[in-house]
Protein chains: 2
Amino acid sequence: MTAEARILVVEDEEPLRMALVDALRAEGFEVLEAADGEAGLALALAEGPDVVLLDLMLPKRDGFSVLRALRKDRVDALVLILSARGEEWDRVQGFEYGADDYVVKPFSIRELLLRVRAALRRGDRGVPGLQLDPGRVRVGAALVDFAAYTAERTDGGEQVGLSRKELDLLRYFLSREGEVLDRATLLNEVWGRDDFPSTRTVDMHVLKLRRKLEPDPEQPRHLLTVHGVGYRFDRRGSEG
Amino acid sequence: MTAEARILVVEDEEPLRMALVDALRAEGFEVLEAADGEAGLALALAEGPDVVLLDLMLPKRDGFSVLRALRKDRVDALVLILSARGEEWDRVQGFEYGADDYVVKPFSIRELLLRVRAALRRGDRGVPGLQLDPGRVRVGAALVDFAAYTAERTDGGEQVGLSRKELDLLRYFLSREGEVLDRATLLNEVWGRDDFPSTRTVDMHVLKLRRKLEPDPEQPRHLLTVHGVGYRFDRRGSEG
DNA sequence: CGCGCCTTGACACCGCGTTGACAGACCCGG
DNA sequence: CCGGGTCTGTCAACGCGGTGTCAAGGCGCG
């Protein structure tokens, strides 16, 4: 699996669309984009994305029409409506064309990402083809719950909380399991392009993850150091 | 068991009813439907569904009357009231007709499904007969009575009143137990789309709930803070 | 008109992210 | 096999943003 999920952004306002696309790409999603309803519908039908972020007010074809057409043609993507606070919303909530969630404009990117992840986690519509992030992931002896921000060690039975950054980092390691990732890559992909912390910060967070996930943090089995290069993640635990 | 559960939808507005029926069928439920109170009651008595989604404003016989008749005849289905935000709800809570939950219109399908699942989970004690949710929920050492707007602490013995907003918030936490909910989501789902208070309001209400429910409000066991993200609810109380 | 609840701003406090320092580990060349 | 240089593990401390809490204001409800 190369990307966590494929997401189609249908939004006509250029700055907002670009912001969304950038943020989603930075999170490791594969992103498609369209600036009007017709293009969005066509792209969705052609590419079959996992998630569609759908604005309501669109040129050529409004969001409702697009959504109706999608459901009619059995596109089983998770659809998140991006709506301005207003009367259209009554229609959405009232009888529901089959949207999975809605986000009221203006929203923060962080909130949107939370919603997208929640939708993916939920993605339990019984539709084949959607084998997405199941919300809870086993890492050796630890069970990580991304929805609850917790990890439980099945050996010692302790349940500990994980911070946002720790989960972000772990999520990225999971998405590129087995690859050796250097610190610069991790900083770019997990911290983003706005922050430029030192590389020691990465070490620190790896340390914290080891303490919470590894049975013996001094003998890591999952978060492995590759001297002179970076870190490699192995979910199962390479050695005894 | 062929279907997860049998659900009766009693709702006179055609588009909404059809949307509900479709969504529930898509989720694997077996669905019965009725467009007015009399038909709904008759169907419930004849078929004995597991869950009833009951509108309040109905032709021929209103929802309260239907609910009363159901309980009188010992129909032990889980009943979810579909109600507009308003004074009718006070009557539901005040008179304790035996509803298991309520959903405020307008609602999203997703929200409704969560509530239905939560109700099924709660009500599924595997015991036939009248094993109804008494409208009282235990949260650790506290016993919350949704009908009476009160909470009693079984350790300290104090009985305190809860305001409507506090109960709304608690109810939402209960419906999504274990998930970390960010403040924007809480504002959207609990406060609704008409007013948009600041996020500090959420903190304030969490504080008030802690004081009334937690044995030691400064060391919360049930309403947990996840720094930089939001709050997570845990009914049992994770730690000692 | 009074009461209670919701809401908000203020302020103190706390947790997390971040960093520099230092010791130990590792690699490579000699 | 040894030594120097570099990289990594770990700690303690700092600063910022997020959160707990209070008290005052406002609003609706009775």
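A brief report on the enclosed structure follows. (Residues numbered from 1 in each chain as written. Chains lettered and ligands numbered in written order. Predicted model: local features only at pLDDT ≥ 70, side-chain atom pairs only at ≥ 80, totals over all residues. Heavy atoms only, no water.)

What about the overall build of chain A?
Scanning chain A for helices and strands turns up eight helices and twelve strands. Looking at chain A as a whole, 48% of its 240 residues are labelled buried. In chain A, once contacts between residues fewer than 6 apart in sequence are set aside, the share between residues at least 24 apart is 54%. As displayed, chain A offers around 11,400 Å² of accessible surface, 48% of which is attributable to carbon and sulfur atoms. (Helix = DSSP H or I, 4+ residues; strand = E, 2+ residues; numbered from the N terminus. Buried < 20%, exposed > 50% of the residue type's maximum accessible area, 1.4 Å probe, protein only. Contact = heavy atoms within 4.5 Å. Areas by Shrake-Rupley, 256 points an atom, 1.4 Å probe, with all protein chains shown as cover.)

What to know about the protein's contact with DNA strand D
Taken together, 26 residues surround DNA strand D, and among them R211 and T225 of chain A together with R200, R211 and T225 of chain B come closest. If you look at DNA strand D and keep only atoms within 4 Å of the protein, 71% of those are sugar or phosphate atoms. A distance of 3.1 Å separates a phosphate oxygen of DNA strand D from a polar atom in the side chain of R183 of chain B. Interatomic distance of 2.8 Å between a side-chain N/O atom of Y231 of chain B and a phosphate oxygen of DNA strand D. Per-class residue counts for the surface near DNA strand D are nine nonpolar, six polar and eleven charged. (Near = heavy atom within 4 Å. Polar contact = N/O pair within 3.5 Å; in protein donor to acceptor, adjacent residues only side chain to side chain. Nonpolar A, V, L, I, M, F, W, Y, C, P; charged D, E, K, R; others polar.)

Comments concerning the sheet that holds strand β7 (residues 142–145) of chain A
All names here are of chain A. The strand order across the open sheet formed by four strands is β6-β7-β8-β9, and the pairing between neighbours is antiparallel. What marks the edges here is a single partner per strand, and that holds for β6 (136–139) and β9 (159–161). Going across the sheet, the axis of each strand differs from the next one's by a mean of 20°, ignoring polarity. (Pairing = 2+ DSSP bridges. Axes fitted to C-alpha atoms, helices over the stretch in contact; angles between N-to-C directions.)

Here we look at the protein's contact with DNA strand C
DNA strand C sits among 22 residues. The nearest are W191 and S198 of chain A together with K165, W191 and S198 of chain B. At a separation of 3.4 Å, a base nitrogen of DNA strand C approaches a polar side-chain atom of R200 of chain B. In this structure, a phosphate oxygen belonging to DNA strand C sits 3.2 Å away from a side-chain N or O atom of K208 of chain B. When residues of the surface near DNA strand C are traced back to their parent elements, those giving at least two are α8 (199–213) of chain A together with α8 (199–213) of chain B.

Description of the sheet that holds strand β1 (residues 6–10) of chain A
All names here are of chain A. Ordered by their spatial adjacency, five strands build an open sheet running β2-β1-β3-β4-β5, and the pairing between neighbours is parallel. The sheet is open, and its two edges are formed by β2 (30–34) and β5 (101–105), each paired on a single side. Strand-to-strand twist across the sheet, computed as the mean angle between neighbouring axes with direction ignored, equals 20°. When β1 meets β2, the two strands line up parallel, connected through five bridges.

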